[in-house]
Amino acid sequence: MNIRPIGFFGCRVWMACAASLLISLSLFAFDAEPQTSSGARTVPAKEVFLKAFYALDEPRFHCVDIPGHRSRVNVARALVVHTCKEGIWHRDEIFNQSAISKGQLKMSEYGLCVSAGRSSDGAKLILRECDNSTLQSWIFTNYRLKLKRYPDKCLTIGPEPSKLTPGGRRLASRNMSRSLMLSTCSEEAFRRQLWRMEPPLERSSPILP
């Protein structure tokens, strides 16, 4: 049997084809997403903290929080801000980012949405079944979270100094909390009205003071 040697040009063509095939395969693998049994693509929901833009009097920053911890979480109580729970259990501070883009502040763990108790200054923020009602519909603009129907009303951290939580008095974490309310968007309250959406840090232990 006669075997014809591959010339220099043929070798280059073969190598180019092989490289092209490898690139195509790698791009296909990179672009692949999980699919349901019907073939529809599914994208995992991203989970984020609603985190104060400014540190205020807590260098570890405040995050919107349900009072209590783990089995003691009480979804019937008004929301507060609490030292962001980096490196510890934090399901009571986690929000669905895709829901935020649709105007809902939805807590992933509980399937409930943040609702203002009323549309006036000082209103508490509570959790309710998600229904896209007027007091549950939010817009995120210029780092402020505002009621869509009442765009002069902002999600606002209370003006009082942060206080040690019950757990913070016992534990080395010394976690702090403050009230959370609806308030008129203003320059006076500017530093307490700005927010950012950030995923928790990848930590195996809390940030201690």
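Coordinates for the structure precede this section.
Parameters at a glance
Residues numbered from 1 in each chain as written. Predicted model: local features only at pLDDT ≥ 70, side-chain atom pairs only at ≥ 80, totals over all residues. Heavy atoms only, no water. Core = buried A, V, L, I, M, F, W, Y, C linked by side-chain atoms within 4.5 Å. Buried < 20%, exposed > 50% of the residue type's maximum accessible area, 1.4 Å probe, protein only. Helix = DSSP H or I, 4+ residues; strand = E, 2+ residues; numbered from the N terminus. Contact = heavy atoms within 4.5 Å. Polar contact = N/O pair within 3.5 Å; in protein donor to acceptor, adjacent residues only side chain to side chain. Phe/Tyr/Trp six-rings, centres within 6.5 Å; stacked < 30°, edge-to-face > 60°. Lys NZ or Arg CZ within 6 Å of the ring centre and 35° of its normal.

Looking at the nonpolar core
Reasoning step 1: Residues Val64, Phe95, Trp138 and Leu180 are the most contacted members of the largest nonpolar core, which totals 27 residues.
Reasoning step 2: Going through the elements one at a time, strand 1 (47-52), strand 6 (112-116), strand 7 (125-129), strand 9 (144-147), strand 10 (153-157), strand 12 (176-184) and strand 13 (195-198) are the ones with two or more residues in this core.
Reasoning step 3: If we ignore the near neighbours within four places in the chain, the residues touching Phe95 are Lys46, Glu47, Val48, Leu50, Val64, Ile100, Leu105, Lys106, Met107, Ser108 and Val114.
Reasoning step 4: Core analysis: the second largest hydrophobic core is formed by five residues, Phe49, Phe61, Cys84 and Ile94 among them.

Considering the side chain of Lys85
Reasoning step 1: By the secondary structure assignment, Lys85 is in the loop between strand 3 (80-83) and strand 4 (94-96).
Reasoning step 2: Polar side-chain contacts of Lys85 include one of 2.7 Å to the side chain of Asp92.
Reasoning step 3: Sequence-distant contacts of Lys85, that is, excluding residues within four places in its chain, are made with Phe49, Asp65, Gly68, His69, His90, Asp92 and Glu93.

Some details on the environment of Ala78
Reasoning step 1: Locating Ala78 in the fold gives a position in the loop between strand 2 (62-65) and strand 3.
Reasoning step 2: Take Ala78: its relative accessible area is 26%, and that puts it in the partly exposed class.

Some points on the packing of aromatic side chains
Reasoning step 1: Evaluated as defined, the whole model comprises four aromatic pairs.
Reasoning step 2: Counting every residue linked through ring pairs, the aromatic cluster contains Phe53, Tyr54, Phe140, Tyr143 and Phe190.
Reasoning step 3: Here the guanidinium or amino end of Arg191 rests over the ring plane of Tyr54, the centre of that ring lying 4.3 Å away.
Reasoning step 4: Here the basic side chain of Arg196 rests over the ring of Phe61, its NZ or CZ set 4.5 Å away from the ring centre.

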